Amino acid sequence: MRLIVYNRAVRALFPLLLCVAASAHAATVAIDVGHFIEEPGATSARGRPELDFNRDLAAEIESAARRDGLKTMLIGADGFMSRLKARTAAARDADFFLAVHHDSVQPQFLETWEFDRVERPFSDRYSGFSLFVSRKNAAVKRSLSCASAIGEALRHAGFSPSLYHADPIPGENKPFADRRNGVHYYDNLIVLKTARTPAVLLEAGVIVNRDEELKVQSEETRKRIAAAVAQGIERCLNRF
């Protein structure tokens, strides 16, 4: 009788032991909240700082990544990490580095409108996500593989790449690394070239676009973006 009870207990514990073992070997993703309080990034069409968008999405990506069995570390969420190299140094023990941002456009494309009795810049000219990798990163091939996997997952979730960062104009002209999935080379971005791991920067949407600002600010869209990003990372990291 004792042997039967013991065997039942072992069988009941077996799935839990498998989960623990899988967790112990899970890859770790460093999720970097782009910008900081003194330099909060772009300002949306309705006056919200990019930093706030980045915080919300980074937290959602962290939750989605954990649900997919990945370990995570969140970097820069308090808004006080102003030294960019400190971010990649903090992620030195991770397996992948993701910088989370939201996008703007070049100044010549901005118009003005009045919102909440304040005149604010906007541009509805462009929309969509963009992904960037650096050829100066020590693991550029893996960085590109992960960026493409994220872009593919975002497309399958119904999102479209913006593509305008490759336009041959001042401030842009970032060559495509994978046009179909919205991936560009941006060699001198500090967090990408100094990361000791594969590294990707995500521009999740164009927040000076009045419609897209509202979409990426919504919880439903944020969760969809996060789920796709986490799925792309998990698929990519499982290849290596």
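Look up: the structure comes first, before these words.
Residues numbered from 1 in each chain as written. Predicted model: local features only at pLDDT ≥ 70, side-chain atom pairs only at ≥ 80, totals over all residues. Heavy atoms only, no water.

**Section: the pattern of salt bridges**
Note the cut-off: In what follows, salt bridge is the name for a side-chain nitrogen of Lys or Arg lying within 4 Å of a carboxyl oxygen of Asp or Glu. Going along the chain from the N terminus, every DSSP run of H or I of four or more residues is numbered as a helix, and every run of E of two or more is numbered as a strand.
Taken as a whole and assessed by the stated rule, the structure comprises 11 salt bridges. Glu 219 is the partner of Lys 223 in a salt bridge, and the nearest nitrogen-oxygen pair spans 3.8 Å. Of the two residues, Lys 223 and Glu 219 both sit in helix α7 (residues 219-237), 4 residues apart, roughly one turn of that helix. Several salt bridges share partner residues, and in doing so they unite Glu 60, Glu 219, Arg 222 and Lys 223 into one network.

**Details of the sheet that holds strand β9 (residues 199-206)**
Stated formally: Paired strands, as defined in this entry, are two strands with at least two bridges between them according to DSSP. Only the stretch in contact is used when fitting a helix axis, every axis being a line fitted to C-alpha atoms; angles between N-to-C directions are given from 0 to 180 degrees. The contact definition used throughout considers only heavy atoms, calling two residues in contact when any of these lie within 4.5 Å.
The strand order β2-β1-β3-β9-β6-β8-β7 describes an open sheet built from 7 strands, whose pairing is mixed. The open sheet has two edge strands, β2 (71-75) and β7 (176-178), and neither has a second partner. Neighbour-to-neighbour, the strand axes of this sheet turn through a mean angle of 30 degrees, independent of strand direction. Strand direction decides the pairing type here: strand β6 (residues 130-133) and β9, joined by 3 bridges, are antiparallel. The residue of β9 that forms the bridge with Ser 130 is Glu 203. Its contacts with the sheet put α7 on β1 (28-33), β3 (96-103) and β9, and the angle it makes with β3 is roughly 150 degrees.

**Focus: α7**
Turn by turn, an α-helix covers 3.6 residues, leaving residues three or four places apart pointing in a common direction. Which entries qualify depends on this criterion: One less than the residue count of a helix, multiplied by 1.5 Å, gives the span that helix is expected to have.
An ideal rise of 1.5 Å per residue puts 27 Å on 19 residues; α7 measures up with 27 Å between its terminal C-alpha atoms. Contact partners of the buried residues in α7: β1, α2 (50-67), β3, α4 (140-156), β9 and α6 (210-217).

**Structural notes on the nonpolar core**
The line we're drawing: For the purposes of this section, nonpolar cores are sets of buried Ala, Val, Leu, Ile, Met, Phe, Trp, Tyr and Cys residues that join through side-chain atoms within 4.5 Å. When a residue's accessible area, from a 1.4 Å probe over protein chains only, is under 20% of the maximum for its type it is buried; when over 50% it is exposed; and in between it is partly exposed.
Within the largest apolar cluster, 42 residues are counted, with the highest numbers of intra-cluster contacts made by Leu 98 and Leu 202. If you list the elements that add at least two residues to this core, you get β1, α2, β3, β6, α4, β8 (183-185), β9 and α7. For this core, the element with the highest residue contribution is α7, accounting for 8 residues. One finds Phe 97, Ala 99, Phe 132 and Ala 199 within the second-largest nonpolar core, a separate group that totals 13 residues.

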